[in-house]
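Remarks on the overall topology
Residue strings, one per chain:
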Amino acid sequence: MDDMVKLTAKDFTSDQEVRWCPGCGDYAILKCMQRTLPELGATRENTVFVSGIGCSSRFPYYMDTYGFHTIHGRAPSVATGLKLSNPDLDVWLITGDGDGLSIGGNHLMHSLRRDVDINILLFNNKIYGLTKGQFSPTSDVGTKSPSTPQGSIDPALNPINFALGSGARFVARTVDTAQKHMPGVFTRAHGFKGASFVEILQNCIVYNDATWANVTDKAVAADAQLLLENGEPMVFGKERNKGIRFNLEKFALEVITIGENGMTEADVLVHDERNLQMARMLAELGGNAGEPMAMGVLYAEQAEQSYTEAVIEQVNAYKGKRTLKDMMYSGETWVVK
Amino acid sequence: MGSDIQVLESAVVRFAGDSGDGMQLTGSQFTTSTALSGSDLATFPDFPAEIRAPVGTTFGVSAFQINFGAREIKTVGDAPDVLVAMNPAALKVNIDNLRNGGLLVVDTGSFTKRNLQKAGYTENPLEDGSLKDFQTIEIDVSKMTLEAVKEFGLGNKEALRCKNMWTLGMMLWMFSRDRAPVQVWLEKKFSKKPEIANSNIAALNAGHAFAETAELSAAIKRYQIGAKKTDAGLYRTVTGSQALSWGMAQGAELAGLQIVLGSYPITPASPILHALSGMKEMGVVTFQAEDEIAAICAAIGASYGGALGVTSSSGPGIALKGEAMGLAISTELPLVIINSQRGGPSTGLPTKTEQSDLYQAVYGRNGDAPMPVIATRSPGDCFEVAIEACRLAVKYMTPVMLLTDGFIANAAEPWQLPDLDALEPFEVKFAGTPAEGEEFNPYKREEATLARNWAKPGTPGCEHRIGGIEKSYDTGHISYDPDNHQKMTDTREAKINGIANDVPAQTVDQGNENGNLVLVGWGSTYGPISQAVKAARAEGLDVSHVHIRYIHPFPANLGELLAGYDNVMVPEMNNGQLKTVLRDKYLLDAKPFNKVSGQPFKIQEILDAIRAEFGVNTQQDSAQEQGAA
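Residues numbered from 1 in each chain as written. Chains lettered and ligands numbered in written order. Predicted model: local features only at pLDDT ≥ 70, side-chain atom pairs only at ≥ 80, totals over all residues. Heavy atoms only, no water.

1. Section: the overall build of chain B
- Counting secondary structure elements, chain B contains 21 helices and 22 strands.
- Radius of gyration (C-alpha) of chain B: 27 Å, near the 25 Å computed for a compact globule of 629 residues.
- For chain B, the spread of C-alpha atoms along the three principal axes comes to 90 × 60 × 45 Å.
- Of all 629 residues assigned to chain B, the portion counted as buried reaches 61%.
- Sequence-distant contacts, at least 24 apart, represent 76% of the contacts inside chain B between residues at least 6 apart.
- Counting only carbon and sulfur atoms, one obtains 48% of the accessible surface of chain B, whose full area is about 23500 Å².
- If you average the places of the 54 positive and of the 73 negative side-chain charges in chain B, the two averages end up 5 Å apart. (Helix = DSSP H or I, 4+ residues; strand = E, 2+ residues; numbered from the N terminus. Rg over C-alpha atoms; globule rule 2.2 N^0.38 Å. Buried < 20%, exposed > 50% of the residue type's maximum accessible area, 1.4 Å probe, protein only. Contact = heavy atoms within 4.5 Å. Areas by Shrake-Rupley, 256 points an atom, 1.4 Å probe, with all protein chains shown as cover. Lys, Arg positive; Asp, Glu negative; His and termini not counted. Charge placed at Lys NZ, Arg CZ, Asp CG, Glu CD.)

This is the structure we're talking about:
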């Protein structure tokens, strides 16, 4: 009967007071999720949010669904076990750059490699917020923090590269404030059978404010972001006159201006989200001055079966064929009279 | 020759050779044949951590000991009656343990200058008179085996690998055992390589024929060890890992739940992962995780999803699971954590046995994090203890630590198959959709057990959030309230302590309910303690034996029971861990008696300790297992 009643954002909002800092990017992501779930036809009882530790990982408390706030870095493992025991559930995993890429890097890698049927949202604010501002594995080199007063030395990890390198079959990127873009990415991730990985550029207003400003500020966004659409040319810029071209000699992507230096629209690459090599190059985009960061679905290539489906199928192929009694009472036994 | 059969009550045989000589297979096949003839038995596979240590070295020696008899067998035997040494290194490592006058069988073909050197012999022990205290049978097993398998056209190396079957054939004849089960096993194992199967069978038969036709004249005696008089029923041999895995599947069935095992390979716990992976017929889901932490976390996730999560490991892996155990305690989810203990600390002695993870089990977590701990004492006992772990986990909504050890995991014993239909179910009742106007509270507790509500995700109206942060006693929501934390800590403790009243009262295994001395043991020391106490009592010493299954909490009557004895001694394969817990719990003057050599206790060692306690001089005789009283 519930199918008849259309749920709203309110139905997915728990009665718990939200305790993120005022102005935190997490609020926008929460709102977007609460708004999007009804559109996806999700039900409260079949939806589970699993998280690790960190600011982002408080997310489950604010959703009126099932939720499990686990321990630092281990949410992918908990979610894997949950899916194996209860495969019909819709499982979302909330993690951050420290939780997912540092302490939990191993589990994130293996859940992506296995293609566990869960939706992974990694809030990347390039800083440890909950422990008061230490640099994280995605922090830019030179980040000054309580543990790196002279600036951080270790190079930053690119989450999209990490996911692709781990064998992820769905990789996307969006921005906390992009309320129009984000629902589409969530919808695609949700619809993907297998592990879907979404990096969300998120602002920490207290410890790393404006760290993404050069990509997300309204004034620069059009030139700093490449909004990917499958089958569409990779055109961007305020004037919609910039494009991404594959430079064969350099074996790399480059930014061109249509109408300059003999470049035409025909030189611009067309996005093919099933092309893994293209996704790998798009992951690197934004690393050099003048390059936009790729947003949207960089890569999506669904397998015939997700990991969880395959495991369940294997068990079901044998289930009931023998009882424990058959097993224990067979083989080399003898009778004492 | 055939009529010259000497009837023995029991015998201890030890097969020893190089890691690559197939001694474990030889031993386990000898065990099967022995079990099928109805003798009682206990086995002790004793092997190095290296898969193939350098050939011929002493640290590459692998051994398999079996004690079997027409009476109750509780230990693997202190000293072998028969030692089979396949090379000089095996002789060197094991000869000191062979009883005086015992039978020694050596493969002279392997006593080359080079092998003698590798074993550290400067003189050939077969020639220098150092073995004069034993009856030695020298056979060139290598040569005989090559001869026996010649017709199958194997290479020299492959042909020599049949040596173990030749030896087995000889030993089966010596102890009047049947070759048929071994042949059936060989045909099955090498069904795709008939030439290997046939070669091994030929070697087996040749060894048997060699002994039978008495090419060594009367040197080889033939023994007969009868069937043990025992309860009527159907029997089989089991190892601890096997019985434990079956017990887990049975426990889950009695709870009406599916098992999800999360595990990471580790010695000596891996056989449980293997066994449960082969039980898909019972709906068992196994997950070989990327590490120990992922393994337990997946099990916790499965329990959150409404299955029975199980994780299995050994000490070092259990250490890694510590934080996640706390999560299961805080979220009050059922979970069974199996620890097949090995020598520690750190990597320690991976293939050797020890009981040194008791502190880790009882105390080893951050915060006040109480958890029931129960221990198995023998391979067959694992079945019942596994079911008990499942029962406590679901009834009290708690992780349960099940302690077993490397010895129990690998050792085999005859086991009367239980009547599965007679087992009492303990079916789980999940929370249902609350009535109109009522709110679901995941931390609402059952009055008698203090167990919380368990709602399966997917149930409408029971949507709730749990986690490792402290929860409000009243609502289950996050709470940082000081009084609430005190109340929740007290409640978690009271819940686990309450289990003391839900487990059988502690009984006395042997002896009286009071007296001069009691030996308190737990786990796999059961056999040697039991035999030592029996021997001491036969000498007139007032000593009793109490063996504890429930380590935390202790059975409600344990304190009172132990107070009835003047002296309490705790033999353990650690540096005194149960002793400390007993002292802590009962302010009891428990005395430790410890051994941490990676080898099980000998009966003699415990008997000597008992005698010393009574001021009796240690006698020169060596203790052997006593028949059932």
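Next comes the rest of the description.
2. Overview of the pattern of salt bridges
- The full count for this structure, using the stated rule, is 34 salt bridges over all chains.
- As a salt-bridge pair, glutamate 39 of chain A and lysine 6 of chain A come within 3.7 Å of each other at their nearest N and O atoms. Taken as a pair, glutamate 39 of chain A in helix α1 (residues 25-39) and lysine 6 of chain A in the segment before α1 lie far apart in primary sequence, 33 residues in all.
- For glutamate 39 of chain A, a relative accessible area of 62% gives the class exposed.
- Judged by relative accessible area, lysine 6 of chain A falls into the exposed class, the value being 54%.
- A salt bridge links lysine 325 of chain A to aspartate 421 of chain B; the shortest N-O distance between them is 3.1 Å. Here the residue lysine 325 of chain A occupies a position in helix α11 (residues 324-329), and aspartate 421 of chain B occupies one in the loop between β16 (412-416) and β17 (465-467), the pair thus bridging two chains. (Salt bridge = Lys/Arg side-chain N within 4 Å of Asp/Glu carboxyl O.)

3. What about helix α9 (residues 240-255) of chain B?
All names here are of chain B.
- Counted at 1.5 Å a residue, the expected span for α9 with its 16 residues is 22 Å, and the 22 Å between its end C-alpha atoms agrees.
- Across the 16 residues of α9, 14 count as buried, placing the element largely inside the fold.
- Just beyond α9, the residue with positive phi is glycine 256, at close to 75°. (Expected span 1.5 Å × (residues − 1).)

4. Here's the deal with the interface of chain B and chain A
- Between chain B and chain A, the contact holds 73 residues from the first and 57 residues from the second.
- Taken together, both faces of the contact between chain B and chain A bury some 5400 Å²; the carbon and sulfur share is 63%.
- Considering only the side of chain B, the residues that lose the most area to chain A are Glu281, Glu290 and Arg465 of chain B, jointly responsible for 14% of the buried surface there.
- Applying the counting rule to chain B against chain A returns four salt bridges.
- One salt bridge in this structure joins arginine 114 of chain A and glutamate 290 of chain B, with 2.8 Å as the shortest N-O distance.
- Put simply, chain B and chain A have 28 residue pairs in polar contact (both at pLDDT 80 or more) between them. (Buried area = accessible area lost by both parts, 1.4 Å probe. Polar contact = N/O pair within 3.5 Å; in protein donor to acceptor, adjacent residues only side chain to side chain.)

5. Thoughts on unusual backbone geometry
- The omega torsion of the bond from threonine 267 of chain B to proline 268 of chain B falls at 0°, within 30 degrees of zero and hence cis.
- Among the structural elements, proline 268 of chain B can be located in the loop between β10 (259-263) and α10 (270-277).
- Residue alanine 210 of chain A is not a glycine yet carries a positive backbone phi of 65°.
- Looking at the secondary structure, you find alanine 210 of chain A in the loop between β6 (196-201) and α7 (213-216).
- The backbone of phenylalanine 251 of chain A shows a phi angle near 50°, a positive value even though the residue is not glycine.

6. Structural notes on the confidence of the model for chain B
- On average, residues of chain B score 93 in pLDDT, and 96% of them reach the 70 mark or higher.
- This complex was scored by the predictor with a pTM of 0.92 and an ipTM of 0.97. (pLDDT = per-residue confidence, 0-100.)

7. Comments concerning the packing of helix α2 (residues 75-85) of chain A against helix α11 (residues 292-304) of chain B
- The geometry of α2 of chain A relative to α11 of chain B is characterised by a closest axis approach of 6 Å and an angle of 45° between their N-to-C directions. Considered as vectors, α2 of chain A and α11 of chain B are oriented oblique to each other. Crossing geometry of α2 of chain A relative to α11 of chain B is assigned as right-handed. Residue-level contacts link Ser77, Val78, Gly81, Leu82 and Ser85 of chain A of α2 of chain A to Ala294, Cys297, Ala298, Gly301, Ala302 and Tyr304 of chain B of α11 of chain B.
- Counted by class, the contact of α2 of chain A with α11 of chain B contains seven nonpolar, four polar and no charged residues. (Axes fitted to C-alpha atoms, helices over the stretch in contact; angles between N-to-C directions. Parallel < 35°, antiparallel > 145°, perpendicular 65-115°, else oblique. Left-handed = near helix turned anticlockwise from the far one by under 90°. Nonpolar A, V, L, I, M, F, W, Y, C, P; charged D, E, K, R; others polar.)

8. Brief notes about helix α8 (residues 194-212) of chain B
- Taking 1.5 Å of rise per residue, 19 residues should cover 27 Å, and α8 of chain B covers 26 Å from first to last C-alpha, within 8% of that figure.
- On its buried face, α8 of chain B sits against β7 (135-139), α4 (141-149), α5 (156-160), α6 (163-174) and α7 (180-189) of chain B.

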